[in-house]
Amino acid sequence: VHKDVSELLSVFLTKGVDLEARKLALEAYPLLQNCSALKPPEINPEIKACLTSQVLRQDIFLVKLQVQLATILSALAVPFNKQYELMKTSQSPEVQQELENLGDPLKLTADIFYSLSCHRRFLIMPFLDSSVKDILENCPVDTLLFGQNFTDQLKTSKEAKRFGATLKKKPKVWKPPLSVAP
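Since we're looking at a predicted model, the values are computed, not measured. (Residues numbered from 1 in each chain as written. Predicted model: local features only at pLDDT ≥ 70, side-chain atom pairs only at ≥ 80, totals over all residues. Heavy atoms only, no water.)

A.B. asks: Any chance you could explain the packing of helix H2 (residues 19-28) against helix H4 (residues 53-89) here in plain terms?
C.D. replies: Relative orientation of the contacting elements H2 and H4 amounts to 50 degrees, with a least axis distance of 9 Å. Comparing their axes, H4 and H2 come out oblique. Between H2 and H4 lies a crossing of left-handed hand. In this structure, H2 contributes Arg22, Ala25 and Leu26 to the contact, and H4 contributes Val67, Gln68 and Thr71. Among the residues making up the contact of H2 with H4, the classes are represented as three nonpolar, two polar and one charged. (Axes fitted to C-alpha atoms, helices over the stretch in contact; angles between N-to-C directions. Helix = DSSP H or I, 4+ residues; strand = E, 2+ residues; numbered from the N terminus. Parallel < 35°, antiparallel > 145°, perpendicular 65-115°, else oblique. Left-handed = near helix turned anticlockwise from the far one by under 90°. Contact = heavy atoms within 4.5 Å. Nonpolar A, V, L, I, M, F, W, Y, C, P; charged D, E, K, R; others polar.)

In structure tokens, the structure reads:
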């Protein structure tokens, strides 16, 4: 890249972007309307109630980062979409290569977005009962950080444990024979 571009990126990478410039950039690229996954997942209400204000502040910061990533994804999706439309009409290798070149940054940025969701979950897990850890780890991220079906899965798991306990064979207790008095 041109030296000027490299220097500009270096300034942003080492000093960040001032608040006003960030706000203007975020407003310039609205989130895609037909991609609800661009909205950072919210913490499940029953889990949010278990968290400290410090954890919630950390989560808010990470959500703000996810909003910025969602804006980047929305901005990158526009040229990607144009290239995709071109590819549908032209099967040239150049058009396909350009689509791939645009798609890789989209994939990587989306992966960072997802990784932040995973990190948010990781920060929250220590504040929750370890008995639900397996359930929490298996819940998919969707509009809620631990999935919309978390409560149902928790109830199902508890019911299965209760039912399993009734099925479990009880160990026989050895009782000494009754002694007969002479």
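Past the structure itself, the notes keep going.
A.B. asks: Is there a simple way to think about helix H5 (residues 93-124) in this case?
C.D. replies: Within an α-helix, residues lying three or four positions from one another point in the same direction, as the helix has 3.6 residues per turn. An ideal rise of 1.5 Å per residue puts 46 Å on 32 residues; H5 measures up with 46 Å between its terminal C-alpha atoms. In this structure, the buried side of H5 is in contact with helix H3 (45-48), H4 and helix H6 (133-138). (Expected span 1.5 Å × (residues − 1).)

A.B. asks: Teacher, can you tell me more about the packing of H4 against H5 here?
C.D. replies: The N-to-C vectors of H4 and H5 enclose an angle of 165 degrees; their axes lie 9 Å apart at closest approach. In terms of their interaxial angle, H4 and H5 are classed as roughly antiparallel. In this structure, the crossing between H4 and H5 has a hand that is left-handed. In terms of residue class, the contact of H4 with H5 is built from 26 nonpolar, eight polar and three charged.

A.B. asks: Looking at this structure, I do not really get a nonpolar patch on the surface. What am I missing?
C.D. replies: Taken together, the side chains of Val1, Val5, Leu8, Leu9, Val11, Phe12, Leu13 and Val17 present a nonpolar region at the surface, about 780 Å² in accessible area. Among the structural elements, Val5 can be located in helix H1 (residues 3-15). (Patch = residues over 30% accessible without salt bridge, like charges linked within 9 Å, V, L, I, M, F, W, Y side chains within 5 Å. Areas by Shrake-Rupley, 256 points an atom, 1.4 Å probe, with all protein chains shown as cover. Salt bridge = Lys/Arg side-chain N within 4 Å of Asp/Glu carboxyl O.)

A.B. asks: I keep staring at the layout of surface pockets and nothing clicks. Help me out?
C.D. replies: Empty space left among the atoms is revealed by rolling a probe the size of a water molecule over them. The calculated volume of the largest pocket comes to roughly 520 Å³. Counting only elements with at least two residues in the lining of the largest pocket, the list comes to H1, H2 and H4. When residues in the lining of the largest pocket are grouped by element, the largest group, six residues, is from H4. A class-by-class count of the residues in the lining of the largest pocket yields twelve nonpolar, three polar and one charged. Each pocket or cavity is described by its volume, and for the second largest pocket that value is around 240 Å³. Around the second largest pocket sit Leu32, Asn34, Cys35, Ala37, Leu38, Leu73, Ala77, Leu106, Ala110 and Phe113, which together line it. For the lining of the second largest pocket, the secondary-structure elements that each account for two or more residues are H4 and H5. Sort the elements by how many residues they give to the lining of the second largest pocket and H5 lands first, with three residues. (1 Å grid on protein atoms, 1.4 Å probe; cavity = no way out; pocket = protein on both sides within 12 Å on 5 of 7 lines; lining within 4 Å. Points joined across faces, edges and corners; volume = space filled by probe spheres on them.)

A.B. asks: Got a minute to help me understand the nonpolar core in this structure?
C.D. replies: For soluble globular proteins, the rule of thumb is that nonpolar side chains tend to be buried together. Core analysis: the biggest nonpolar cluster contains 15 residues, and Ile43, Ile47, Ile124, Leu136, Phe146 and Phe150 have the highest contact counts within it. When residues of this core are traced back to their parent elements, those giving at least two are H6 and helix H7 (150-167). If near-sequence neighbours (up to four positions away) are discounted, Leu136 is found in contact with Ile47, Arg121, Met125, Leu128, Phe146 and Phe150. (Core = buried A, V, L, I, M, F, W, Y, C linked by side-chain atoms within 4.5 Å. Buried < 20%, exposed > 50% of the residue type's maximum accessible area, 1.4 Å probe, protein only.)

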